Amino acid sequence: MDNTLSTKPGGGTDEALAKLQIAINYQFRDQSLLVKSLTHRSFANERQLKIKDNERLEFLGDSALDLIVSRYLFFQGQQLREGDLSKIRSQVVNEGSLARFARNVELGKCLLLGKGEDSTGGREKNSLLANAFEALIAAIYLDSSFDTTYHVTLGVIKAAIDEAAELKPEVDYKGLLQKQLKSVPAPPQYRVMEESGPDHDKMFKVQVWIANTPYGDGSGRTKKEAEQTAARKTCEMLAAAAPAEQPAAPADELP
């Protein structure tokens, strides 16, 4: 193993690499592949290492992940149409989700970063974590086989795929709410009521306001997700209400 690992402060130590392999339930035969998958170009350039950065592995891992998720959904979601499968896959294979998978196995502790990247919080950047996770998948593939990579990867991401599949394709509740309120001159407003959490793991709470009256609220990791939840709850509230209780236009906007 490259002896620079033992001297890298804050990441990439032998202990961290050992814990990562336990977390993913896979032991590398060629440890240099594991090291390469975790090597950011800032580290490789700074140390002038013979071992290159993980960018080429990231390219391969991106394709492998798409195939792994597609294969799983194809056989497990036989009732779903092609468009539904694509939407579900996009909920799993994106920067935010991949970064979350990386955090779940504490991959950030293993990253080999240059001093500048490390000092500016590189270990918590979604982009670096997502890229390294893809590179890790590629390294497993090169170290073993696709079948092994498939099962190892599912061990980390299967719960997220199942959750996304249960949600089914996204429904545009904001669009449905807009149609439901076609008799109301002013469109619904989506107000951010609360924002919490660190930059890499934000949570937003949004509430729908119609004609200056508050309705459903919702939370999510993005404003868009929170708005959709709030719109869904508002649609449910309006559907349960009697016609007379539907939101009316303000008095000064009535004909």
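Placed above this text is the structure.
Here goes a summary of the coordinates provided. Computed from a predicted model, the values in this text were never measured in an experiment.

Calculation criteria
- Residue indices begin from 1 for each chain and proceed along its sequence in written order.
- This being a predicted model, a pLDDT of at least 70 is required before a residue's local features are given, and a value of 80 or more before pairs of side-chain atoms are given or counted; all residues contribute to the totals for chains, interfaces and linings.
- By convention in this description, side-chain values take in all heavy atoms of the structure and omit both hydrogens and water.
- Orientation is described by axes fitted as lines to C-alpha atoms, over the contacting stretch for helices, and by angles from 0 to 180 degrees between their N-to-C directions.
- Helix and strand assignments follow DSSP, with helices taken as H or I runs no shorter than four residues and strands as E runs no shorter than two, numbered in order from the N terminus.
- Each angle gets one of four labels, with under 35 degrees taken as roughly parallel, over 145 as roughly antiparallel, 65 to 115 as roughly perpendicular, and the rest as oblique.
- Pairs of residues are marked as contacts when any of their non-hydrogen atoms sit within 4.5 Å.
- Only Asp, Glu, Lys and Arg are considered charged in this grouping, and only Ala, Val, Leu, Ile, Met, Phe, Trp, Tyr, Cys and Pro are considered nonpolar; every other residue, Gly among them, is considered polar.
- Working definition: rings of Phe, Tyr and Trp (its six-membered ring) pair if their centres are within 6.5 Å, and the pair is stacked with planes under 30 degrees apart, edge-to-face with planes over 60 apart, and tilted otherwise.
- When accessible area is computed with a 1.4 Å probe and restricted to protein chains, residues below 20% of their type maximum are described as buried, those above 50% as exposed, and intermediate ones as partly exposed.
- Two conditions define a charge sitting above a ring: the NZ of Lys or the CZ of Arg must be within 6 Å of the ring centre, and it must be within 35 degrees of the ring normal.

**Structural notes on the packing of helix 6 (residues 95-104) against helix 8 (residues 126-143)**
If you want to describe how two helices pack, look at the angle between their axes and the distance between the axes. At their nearest, the axes of helix 6 and helix 8 sit 8 Å apart, and the two run at 75 degrees to each other. Here helix 6 lies roughly perpendicular to helix 8, going by the angle between them. Counted together, Glu95, Gly96, Leu98, Ala99, Phe101, Ala102 and Arg103 of helix 6 and Asn126, Ser127, Leu129, Ala130, Phe133 and Glu134 of helix 8 form the full contact between these two elements. Grouping the amino acids of the contact of helix 6 with helix 8 by side-chain chemistry returns seven nonpolar, three polar and three charged.

**Considering the packing of aromatic side chains**
Going through the model one piece at a time under the given rule, you end up with four aromatic pairs. Ring geometry for Tyr26 and Phe28: centres 5.1 Å apart, planes at 85 degrees, overall edge-to-face. Of the residues examined, Tyr26 reaches a relative accessible area of 11% and is grouped as buried. Look at Phe28 and you get buried, because its relative accessible area is 4%. Relative to Tyr150, the ring of Phe146 lies with its centre 6.2 Å away and its plane at 40 degrees, an arrangement referred to as tilted. Of this pair, Phe146 and Tyr150 both sit in helix 9 (residues 146-167), four residues apart, which is roughly one turn of the helix. By relative accessible area, Phe146 is classed as partly exposed at 23%. Judged by its relative accessible area of 8%, Tyr150 is buried. Just above the ring of Trp209 sits the side chain of Arg191; from NZ or CZ to the centre is 4.0 Å.

**Section: the environment of Leu181**
Mapped onto the secondary structure, Leu181 falls in the loop between helix 10 (173-180) and strand 1 (189-196). Separated by 54 residues in sequence, Leu181 and Cys235 have C-alpha atoms that sit 9.6 Å apart.

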